[in-house]
Amino acid sequence: MEFNNTQVRRQDRLLDETRSFEILKEGEYGILSMRTENGDGAYGIPLSYVWDRGNSIYIHCAPIGRKLTCIDACPNVSFCVIGRTKVIPGEFTTAYESIVLRCTAHHGLHEAERMSALSLFLSKYCPDDKIKGMKYAEKSFHRTEIIRLDIEEISGKSKNRF
């Protein structure tokens, strides 16, 4: 995984690497963007996610559906996470932070990796109910697919007026 802000048009609005990884760690959701399954358009969808603190993030979904069909057609995807935002009406602008990840998507993962990803989800989103959540995950495991997004590149941008 490479942190690379060279493609950001507004070089005066670069977000530093440390804050970019904080947003990746703390973000509540992200937008997965893919090419449509027939290649004639784009498909984006907001999703909860979890970062493994390495080179991958995980998302979950049903074992069949459009996300998987799109990924099968083209595994190259983009994932965007929004940090803080603040509308500044009197100045007709918005303060913001965001990161964009260029990734390769994989599914059909080994059961151990899928269960590990579900454990990470529980730690992030429901840490006080992790034991109960693991029991739920075991019961619903057969109807849950996990997608791993291997992060190839990350960039960050901000208009910091907080």
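Below is a summary of the structure that appears in this document. (Residues numbered from 1 in each chain as written. Predicted model: local features only at pLDDT ≥ 70, side-chain atom pairs only at ≥ 80, totals over all residues. Heavy atoms only, no water.)

A separate point is the overall build of the protein chain. When helices and strands are counted, the protein chain shows 4 helices and 8 strands. Secondary structure elements in the protein chain, listed N-terminal to C-terminal, are β-α-β-β-β-β-α-β-β-α-α-β. Taking 2.2 N^0.38 as the reference for a compact globule, 162 residues should give roughly 15 Å; the C-alpha atoms of the protein chain span a radius of gyration of 17 Å, in line with that estimate. The principal-axis extents of the C-alpha atoms in the protein chain amount to approximately 50 × 40 × 30 Å. Within the protein chain, buried positions represent 42% of all 162 residues. Taking the intrachain contacts of the protein chain between residues at least 6 apart in sequence as the baseline, contacts between residues at least 24 apart amount to 70%. Summing over all exposed atoms, the protein chain offers an accessible surface of approximately 9200 Å²; the carbon and sulfur share of this is 51%. Here the protein chain contributes 23 positively and 22 negatively charged side chains, and the mean placements of these two sets differ by 5 Å. (Helix = DSSP H or I, 4+ residues; strand = E, 2+ residues; numbered from the N terminus. Rg over C-alpha atoms; globule rule 2.2 N^0.38 Å. Buried < 20%, exposed > 50% of the residue type's maximum accessible area, 1.4 Å probe, protein only. Contact = heavy atoms within 4.5 Å. Areas by Shrake-Rupley, 256 points an atom, 1.4 Å probe, with all protein chains shown as cover. Lys, Arg positive; Asp, Glu negative; His and termini not counted. Charge placed at Lys NZ, Arg CZ, Asp CG, Glu CD.)

This paragraph deals with unusual backbone geometry. For Arg 53, which is not glycine, the phi dihedral falls at a positive 65 degrees. In this fold, Arg 53 is placed in the loop between strand S4 (50–51) and strand S5 (56–61). The class for Arg 53 is exposed, based on a relative accessible area of 58%.

Put simply, the largest pocket is a space of about 250 Å³. Together, His 60, Leu 118, Phe 121, Leu 122, Cys 126, Gly 133, Tyr 136, Ala 137, Ser 140, Arg 143 and Thr 144 line the largest pocket. Mapped by element, the contributors of at least two residues to the lining of the largest pocket are helix H3 (111–125) and helix H4 (130–140). If you tally residues by element for the lining of the largest pocket, the top one is H4, at 4 residues. Class assignment of the residues belonging to the lining of the largest pocket gives a composition of 6 nonpolar, 4 polar and 1 charged. (1 Å grid on protein atoms, 1.4 Å probe; cavity = no way out; pocket = protein on both sides within 12 Å on 5 of 7 lines; lining within 4 Å. Points joined across faces, edges and corners; volume = space filled by probe spheres on them. Nonpolar A, V, L, I, M, F, W, Y, C, P; charged D, E, K, R; others polar.)

Residues Gly 30, Leu 32 and Met 34 of strand S2 (residues 30–35) are buried on one face, while the alternating residues Ile 31, Ser 33 and Arg 35, pointing to the opposite face, are not. Relative to strand S3 (residues 42–47), S2 runs antiparallel, the two being bridged by 6 bridges. Opposite Gly 30, over in S3, you have Leu 47 as the bridge partner. Between the antiparallel neighbours S2 and S3 lie 6 residues, among them Gly 39 with a positive phi of about 75 degrees. Of the strand pairs in this sheet, S2 and strand S6 (residues 76–88) are connected by 4 bridges, and their pairing is antiparallel. Residue Ser 33 lies in a different strand from S6, and its bridge partner there is Ser 78. (Pairing = 2+ DSSP bridges.)

Let's shift gears to helix H2 (residues 66–73). Within the span of H2, buried status applies to Lys 67, Leu 68, Cys 70 and Ile 71. Each buried residue of H2 sits inside an arc of 160 degrees when the element is viewed along its axis, so together they form one side. (Arc of directions from axis to C-beta.)

Looking now at helix H1 (residues 17–26). Residue pairs three or four apart in sequence face the same way in an α-helix, which turns once every 3.6 residues. Arg 19, Ser 20, Phe 21, Ile 23 and Leu 24 are the residues of H1 that are buried. Where H1 is buried, its residues touch strand S1 (2–3), S4, S5, S6, strand S7 (93–106) and strand S8 (145–159). Two to three positions downstream of the cap, the backbone nitrogen of Thr 18 sits 3.0 Å from a side-chain oxygen, assigning the N-cap of H1 to Asp 16. (Polar contact = N/O pair within 3.5 Å; in protein donor to acceptor, adjacent residues only side chain to side chain.)

For the rest of this paragraph, the subject is the packing of aromatic side chains. The tally for this structure, following the rule as stated, stands at 4 aromatic pairs. When the centroid spacing of 5.2 Å and the interplanar angle of 75 degrees are considered together, the rings of Tyr 49 and Phe 79 count as edge-to-face. Placement of Tyr 49 in the loop between S3 and S4 and of Phe 79 in strand S6 is noted, with a sequence separation of 30 residues between them. Each member of the pair Tyr 49 and Phe 79 is classed as buried. Pairing Phe 121 with Tyr 125 gives two aromatic rings, centres 6.1 Å apart and planes at 20 degrees, and the pair type is stacked. On the criterion of helical spacing, the pair formed by Phe 121 and Tyr 125 is a turn pair, its members being 4 residues apart in helix H3. An aromatic cluster is built from Phe 3, Phe 21 and Trp 51, whose rings are joined through pairwise contacts. The ring centre of Phe 141 lies 4.1 Å from the NZ or CZ of Arg 114, which sits over that ring. Over the ring of Tyr 49 we find Lys 124; its NZ or CZ atom is 3.8 Å from the centre of that ring. (Phe/Tyr/Trp six-rings, centres within 6.5 Å; stacked < 30°, edge-to-face > 60°. Lys NZ or Arg CZ within 6 Å of the ring centre and 35° of its normal.)

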